[in-house]
There are 6 protein chains.
Amino acid sequence: MPQVFITRKEHFNAAHRLHKADWSQEENERVFGRCANANWHGHNFTLLVTVRGTPQHDTGFVMNLKDLAEIVKTEVIVKIDHKNLNLDVQFMKGIQPSTENLAIEIWRILQPLIAEHNATLHSVRIFETENNSVEYLGE
Amino acid sequence: MPQVFITRKEHFNAAHRLHKADWSQEENERVFGRCANANWHGHNFTLLVTVRGTPQHDTGFVMNLKDLAEIVKTEVIVKIDHKNLNLDVQFMKGIQPSTENLAIEIWRILQPLIAEHNATLHSVRIFETENNSVEYLGE
Amino acid sequence: MPQVFITRKEHFNAAHRLHKADWSQEENERVFGRCANANWHGHNFTLLVTVRGTPQHDTGFVMNLKDLAEIVKTEVIVKIDHKNLNLDVQFMKGIQPSTENLAIEIWRILQPLIAEHNATLHSVRIFETENNSVEYLGE
Amino acid sequence: MPQVFITRKEHFNAAHRLHKADWSQEENERVFGRCANANWHGHNFTLLVTVRGTPQHDTGFVMNLKDLAEIVKTEVIVKIDHKNLNLDVQFMKGIQPSTENLAIEIWRILQPLIAEHNATLHSVRIFETENNSVEYLGE
Amino acid sequence: MPQVFITRKEHFNAAHRLHKADWSQEENERVFGRCANANWHGHNFTLLVTVRGTPQHDTGFVMNLKDLAEIVKTEVIVKIDHKNLNLDVQFMKGIQPSTENLAIEIWRILQPLIAEHNATLHSVRIFETENNSVEYLGE
Amino acid sequence: MPQVFITRKEHFNAAHRLHKADWSQEENERVFGRCANANWHGHNFTLLVTVRGTPQHDTGFVMNLKDLAEIVKTEVIVKIDHKNLNLDVQFMKGIQPSTENLAIEIWRILQPLIAEHNATLHSVRIFETENNSVEYLGE
């Protein structure tokens, strides 16, 4: 039973800010640099979701990519696209909105939903810029 | 003895169609959507082949990339480039031409050929579009 | 009154074949090469539509990109995406489906529709592959 | 005396919001859609600056790209990178921060500075996303 | 008679060095920076050749892209790919190998050859890196 | 304690040549092809460094990307950018400058430096061209 990995790419544009309320402005700037800007900044984020499973005999699909895309859009993208990650996103409340933490929380949302489709979530990867990316494999 | 992975990227342009002959047109459209179009559609596919091995002392090569490119072109690309994956490709006969199944069959072709070069096939990855890709690691 | 150019990128995946019915198979292959394959081949085409105009005072928009994207999708993309350019596309009937001719016909569809939005169609550009593209400026 | 065009690409990440204070929330959402989000959103913007001139005999340069990059960075990028285009950017005060208007204002900053280097500013192009871009040629 | 522009992209990898023999090392470094390194450096150059003409009735082609690609490869690419632009390239002898000058000389080679195919050379564009490019339109 | 992978992309432009001094010119050309050119050739290399670790509670960072970028630039990039990999690079002395060997040596430089930041070097990946890349995981 061959295991194949399928990956779906989606995009979202969001504002965020990295800072800690109980740190001084100097400490925030030393650690977070320009990312601490009080009036926010933003990115075109790219989200890559990889799912693992055995291609079904009839369709040749690990999982219908229409279903995967639909889950990612309705459960994740609509909640973060054109939003402020610090202020507008319920599942990031109380969490520092680093790309690392965003990837972990998106994993937690998607993992059980993928499992309902006889497939296994393998990886959540986010590009914050072309040069900076993170990946979480659930462990 | 360090193990290094080398990856070669190739391209092919092909037509295909996803459908099952013993399903109704409605069932085919429900599952495969626009991919069931009777008159075919097509893609610029990108194929990434990754090989693992120890760099040789003289050349510093895991495997000469000219040889790897030549194998991929003569054994895979000429059989699928500017072809119809449902009608023209011997090694896909009787197989649903999903990108998953295509990756598995390409693995089966390349694995023994790479082994003749003191290297090990590690991954076959195919991008059907910029947003949809599959990867097969042989297991 | 500054003139600004705005460009919207869209994608479509289609099958096509280049051949002339009144030429021999040899002549077709000599001129069109692998693109003459009787069972079709296909591409992920990229369509870039550029519109020229003066940004409006209230919005700062030459033309609302939502409107431009909507026009391109409903008047062009739905007619060619996941289609066979030789068989399925009404506006290409009787026309050799080269990328050049496709760009000219898309121009003819879009030009009057853009003009209704107080803007001017400037360019229709199509990438057939990463390496081959055409552009039509309406003249 | 051949005229050659040279282009330098730079990047900036910024937050912005499109809205008009004297419009109702409904009107703002009808026109600007998700871009009207009160808590901002953001992008990885790409800025392309094209300069025209005759290559100098000694250097073969229209203009030293180090000088062009330096001007673009010190006069434009530092003022907008990791900033809020509505709140933090002096040269955008009172102007709707559409990408069109941003391109026009960047042109106004750069045009006299390029002229001091015996070259002519030809184009300011900004990609807001991979799919949406604007270009201003100064007319 | 519509005029359409077609563009072919090719690649070449070359070494070069920017320096003037009759300048001091200090002067060379002040002007050319790291590009003056005595032991050379190199790039993956991308060459884009754009040709203008009327699509022919039979083929729908401005010019057969196979012919355009063949001309660019045999008349330009083989002379510069995996070469040293200062030492190995006949048509650059005595010319500072800036990307600007390279584009002008490639234009001079290609212009008469394209004219033999009932088409007109419109542009030679070279990317030295993703961020730095030049374009020559023959004037 | 979730483990997250973060990746930083950097660029360098370098010249190199593949040849063995004790082989004949014919043998060198048979094995290395155009890469044996006596006057060198070059590439725009892309370097991807991936680090693994647990996001810290305060910052949400596996490791501050500013620190990672700084280490990669000062310990690797300045030693190879705009250099000749055969002649100018101390850490490649006596080693065939294949991309495989370059990746292994960069790993040896970076591994202890990353370890000082409570993180683990996971991968060094180098693209020599868009089509050819290598990856070393330290084993």
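Since the structure is predicted, the reported quantities are computational estimates derived from the model, not experimental observations.

**Quick look at the interface of chain D and chain A**
Link 1 in the chain: If you look at the interface, chain D gives 22 residues, while chain A gives 22 residues.
Link 2 in the chain: Between chain D and chain A, the buried area comes to about 1,700 Å², and carbon and sulfur atoms account for 46% of it.
Link 3 in the chain: Inspection of the region where chain D meets chain A yields two salt bridges.
Link 4 in the chain: Ionic pairing is found between Arg34(D) and Asp81(A), a salt bridge with its closest N-O pair at 2.3 Å.
Link 5 in the chain: Taken together, the connections running from chain D to chain A amount to 17 residue pairs in polar contact (both at pLDDT 80 or more).

**A short note on helix α2 (residues 65-80) of chain C**
Within an α-helix, residues lying three or four positions from one another point in the same direction, as the helix has 3.6 residues per turn.
All names here are of chain C.
Link 1 in the chain: With 16 residues, α2 extends 21 Å between its outermost C-alpha atoms, agreeing within 8% with the 22 Å of an ideal straight helix rising 1.5 Å per residue.
Link 2 in the chain: Within α2, burial applies to Leu68, Ala69, Ile71, Val72, Val76, Ile77 and Ile80.
Link 3 in the chain: The secondary structure elements touched by the buried residues of α2 are β1 (4-16), β2 (41-53), β3 (83-84) and α3 (99-115).
Link 4 in the chain: Where α2 begins, the capping side chain belongs to asparagine 64, and its oxygen is found 3.0 Å from the backbone nitrogen of lysine 66.

**Some details on the confidence of the model for chain A**
Link 1 in the chain: Residues with a pLDDT of 70 or more make up 100% of chain A, whose mean pLDDT is 97.
Link 2 in the chain: If you check the scores for this complex, the pTM reads 0.97 and the ipTM reads 0.96.

**Quick notes on the interface of chain F and chain A**
Link 1 in the chain: Between chain F and chain A, the residue contacts involve 19 residues of the former and 23 residues of the latter.
Link 2 in the chain: For the pair chain F and chain A, the summed buried area comes to about 1,700 Å², and 51% of that belongs to carbon and sulfur atoms.
Link 3 in the chain: Broken down residue by residue, the surface that chain F buries against chain A is led by Phe5(F), Lys9(F) and Asp58(F), which jointly contribute 27%.
Link 4 in the chain: Counting across the interface, chain F meets chain A through one salt bridge.
Link 5 in the chain: Across the pair Asp58(F) and Lys20(A) runs a salt bridge, and its minimum N-O distance is 3.5 Å.
Link 6 in the chain: Counting across the interface, chain F meets chain A through ten residue pairs in polar contact (both at pLDDT 80 or more).
Link 7 in the chain: Taken together, the residues of the side of chain F that touches chain A sort by class into nine nonpolar, six polar and four charged.

**Some thoughts on the packing of helix α2 (residues 65-80) of chain F against helix α3 (residues 99-115) of chain F**
Residues and elements named next belong to chain F.
Link 1 in the chain: At a minimum axis distance of 11 Å, the contact between α2 and α3 shows a crossing angle of 155 degrees. It follows from the interaxial angle that α2 and α3 lie roughly antiparallel. With respect to the hand of their crossing, α2 and α3 are arranged in right-handed fashion. Counted together, Leu68, Ile71, Val72, Glu75, Val76 and Ile80 of α2 and Ile106, Ile109, Leu110, Leu113 and Ile114 of α3 form the full contact between these two elements.

**Overview of helix α2 (residues 65-80) of chain A**
Residue and element names in this part refer to chain A.
Link 1 in the chain: Of all the bends in α2, the largest measures some 40 degrees and sits at lysine 73.
Link 2 in the chain: Buried-residue contacts for α2 involve β1 (4-16), β2 (41-53), β3 (83-84) and α3 (99-115).
Link 3 in the chain: Trailing α2 by a residue or two, histidine 82 shows a phi angle of about 60 degrees, which is positive.

**Re the relation of the copies chain D and chain A**
Link 1 in the chain: Note on the copies: chain D fits chain A at an RMSD of 0.0 Å, the axial shift is 0.0 Å, and the rotation between them is 180 degrees. Considering both components of the superposition, the chain copies are consistent with a two-fold axis.
Link 2 in the chain: Looking at the interface residues of chain D, 100% of them are also at the interface in chain A, so both copies use one shared face.

**Observations concerning the pattern of salt bridges**
Link 1 in the chain: Taken as a whole, this structure holds 42 salt bridges over all chains when the rule is applied.
Link 2 in the chain: Lys20(D) is the salt-bridge partner of Asp22(D), the closest N and O atoms lying 3.5 Å from each other.
Link 3 in the chain: A residue is classified by how much of its surface remains accessible, and Lys20(D), at 15% relative accessible area, is buried.
Link 4 in the chain: A salt bridge links Glu105(E) to Arg108(E); the shortest N-O distance between them is 3.0 Å. Of this pair, Glu105(E) and Arg108(E) both sit in helix α3 (residues 99-115), three residues apart, which is roughly one turn of the helix.
Link 5 in the chain: A relative accessible area of 14% places Glu105(E) in the buried class.

Rules used throughout
- Residues numbered from 1 in each chain as written.
- Chains lettered and ligands numbered in written order.
- Predicted model: local features only at pLDDT ≥ 70, side-chain atom pairs only at ≥ 80, totals over all residues.
- Heavy atoms only, no water.
- Contact = heavy atoms within 4.5 Å.
- Buried area = accessible area lost by both parts, 1.4 Å probe.
- Salt bridge = Lys/Arg side-chain N within 4 Å of Asp/Glu carboxyl O.
- Polar contact = N/O pair within 3.5 Å; in protein donor to acceptor, adjacent residues only side chain to side chain.
- Helix = DSSP H or I, 4+ residues; strand = E, 2+ residues; numbered from the N terminus.
- Expected span 1.5 Å × (residues − 1).
- Buried < 20%, exposed > 50% of the residue type's maximum accessible area, 1.4 Å probe, protein only.
- pLDDT = per-residue confidence, 0-100.
- Nonpolar A, V, L, I, M, F, W, Y, C, P; charged D, E, K, R; others polar.
- Axes fitted to C-alpha atoms, helices over the stretch in contact; angles between N-to-C directions.
- Parallel < 35°, antiparallel > 145°, perpendicular 65-115°, else oblique.
- Left-handed = near helix turned anticlockwise from the far one by under 90°.
- Bend = angle between axes of the 7 residues up to and from the residue.
- Least-squares fit on C-alpha atoms with pLDDT ≥ 70 in both.

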